[in-house]
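Now for the letters of each chain:
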Amino acid sequence: MITSFTWVDALGYLGALLTLGTYSMKTMIPLRIVGLCANCIFIVYGYFAPAYPQLLLHLILLPLNAVRLYQMLQLVEKVKVASQGDANMDWLKPFMTMRAYKAGEKIFRKGDLSSAMYYTVTGQYRLVEREQIVGPGEVMGELGLIAPDNKRTLTFECTEEGELLTISYDAVKQLYFQNPKFGFDFLRLIGQRLFQNIAQLEEATAARGQRQAADAIAVSNAS
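Residues numbered from 1 in each chain as written. Predicted model: local features only at pLDDT ≥ 70, side-chain atom pairs only at ≥ 80, totals over all residues. Heavy atoms only, no water.

### Comments concerning the overall build of the chain
Each helix and strand counted, the chain has five helices and eight strands in total. Counting from the amino terminus, the chain carries its helices and strands in the arrangement α-α-α-β-β-β-β-β-β-β-β-α-α. Counting the 223 residues in the chain, one finds 34% classified as buried. Per element, the accessible surface of the chain, about 13800 Å² overall, is 60% carbon and sulfur. (Helix = DSSP H or I, 4+ residues; strand = E, 2+ residues; numbered from the N terminus. Buried < 20%, exposed > 50% of the residue type's maximum accessible area, 1.4 Å probe, protein only. Areas by Shrake-Rupley, 256 points an atom, 1.4 Å probe, with all protein chains shown as cover.)

This is the structure:
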């Protein structure tokens, strides 16, 4: 006997189509939005069908999808703000892992293959070749992600015991490919930091040239 097609059945088919749609999507934000719509439809369907296992499943998936969507939207917004502002990377903290280091420990050495970047939380650190002290709130090693040979150009060591947040380049790449807007803004951010480093190098070169010119004048006057 053929049963009549009801609006509850229509909801079930619509929810199934939306769920299939999530598997065909390449970017995370549209996937989460469609997933949320499917969750809501299946909750209604599960209640009226009734199909309680399906109802329970989507009652669990609904807040999970909502939280993940919120996190991704926050990440995109924060990286956009960072790319237009002071180039800090606070927006990556929720995706990073805390690690402790002791005084004298090398975080990475010049010539090492780059695989992660770091955010200093506590303690004191040093870029050995530059003899530059690094305190809390600094990002280190992010440019290795785009370096042609993926090798470290400086040695980074801990001088006073502290903690660093770290994230692997693989994790950054996953975030990059999950959302095109995140990827675009992340490239802008890295570019901004690269130009800052170039400006610092130019300032150091100009200062060195001024010192050399002053020394030459002093030698000339002495002779």
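Read on, since the account is not over.
### Points about the nonpolar core
Counting 20 residues, the largest nonpolar core has Met72, Leu92, Met96, Met117, Ile167 and Val172 as the members making the most contacts within it. Listing elements by their share of this core, those giving two or more residues are helix H2 (28-48), helix H3 (52-84), strand E3 (116-120), strand E8 (162-168), helix H4 (169-178) and helix H5 (180-222). With four residues, the single largest contributor to this core is H3. Non-local contacts of Met96, meaning those with residues more than four positions away in its chain, are made with Met117, Tyr118, Tyr119, Leu165, Thr166 and Ile167. Membership of the second largest hydrophobic core comes to 13 residues, among which are Ile107, Phe108, Tyr125 and Cys158. (Core = buried A, V, L, I, M, F, W, Y, C linked by side-chain atoms within 4.5 Å. Contact = heavy atoms within 4.5 Å.)

### Observations concerning helix H1 (residues 7-24)
An α-helical segment advances 3.6 residues per turn. Residues three or four places apart therefore align on the same side. Here H1 is 18 residues long and its end C-alpha atoms lie 26 Å apart, about the 26 Å a rise of 1.5 Å per residue gives. Looking only at H1, the buried set comprises Val8, Leu11, Gly12, Gly15, Gly21 and Thr22. Packing partners of the buried residues in H1 comprise H2. (Expected span 1.5 Å × (residues − 1).)

### As for the packing of aromatic side chains
Applying the stated criterion to the full structure yields seven aromatic pairs. Ring plane angle 80° and centroid distance 6.3 Å describe the contact between Phe42 and Tyr45, whose orientation is recorded as edge-to-face. Of the two residues, Phe42 and Tyr45 are both situated in helix H2; the distance of three residues between them amounts to about one turn of the helix. On the basis of an interplanar angle of 35° and a centroid distance of 6.0 Å, the ring pair of Phe108 and Tyr118 is categorised as tilted. Placement of Phe108 in strand E2 (residues 106-108) and of Tyr118 in strand E3 is noted, with a sequence separation of 10 residues between them. Cluster of aromatic residues (ring-pair linked, three or more members): Phe108, Tyr118, Tyr125 and Phe156. Positioned over the ring face of Phe108 is Arg152, at 4.1 Å from the centre of the ring. (Phe/Tyr/Trp six-rings, centres within 6.5 Å; stacked < 30°, edge-to-face > 60°. Lys NZ or Arg CZ within 6 Å of the ring centre and 35° of its normal.)

### Describing the sheet that holds E8
The strand order across the open sheet formed by four strands is E1-E8-E3-E6, and the pairing between neighbours is antiparallel. Of all strands in the sheet, those bounded by a partner on one side alone are strand E1 (97-101) and strand E6 (139-140). Bridging between E3 and E6 involves two bridges; their strand directions are antiparallel. Looking at the pairing, Tyr119 lines up with Val139 of E6. Contacts from H4 reach E3 and E8 within the one sheet, and its direction differs from that of E8 by about 50°. (Pairing = 2+ DSSP bridges. Axes fitted to C-alpha atoms, helices over the stretch in contact; angles between N-to-C directions.)

None of this, on its own, says anything about what the molecule does.
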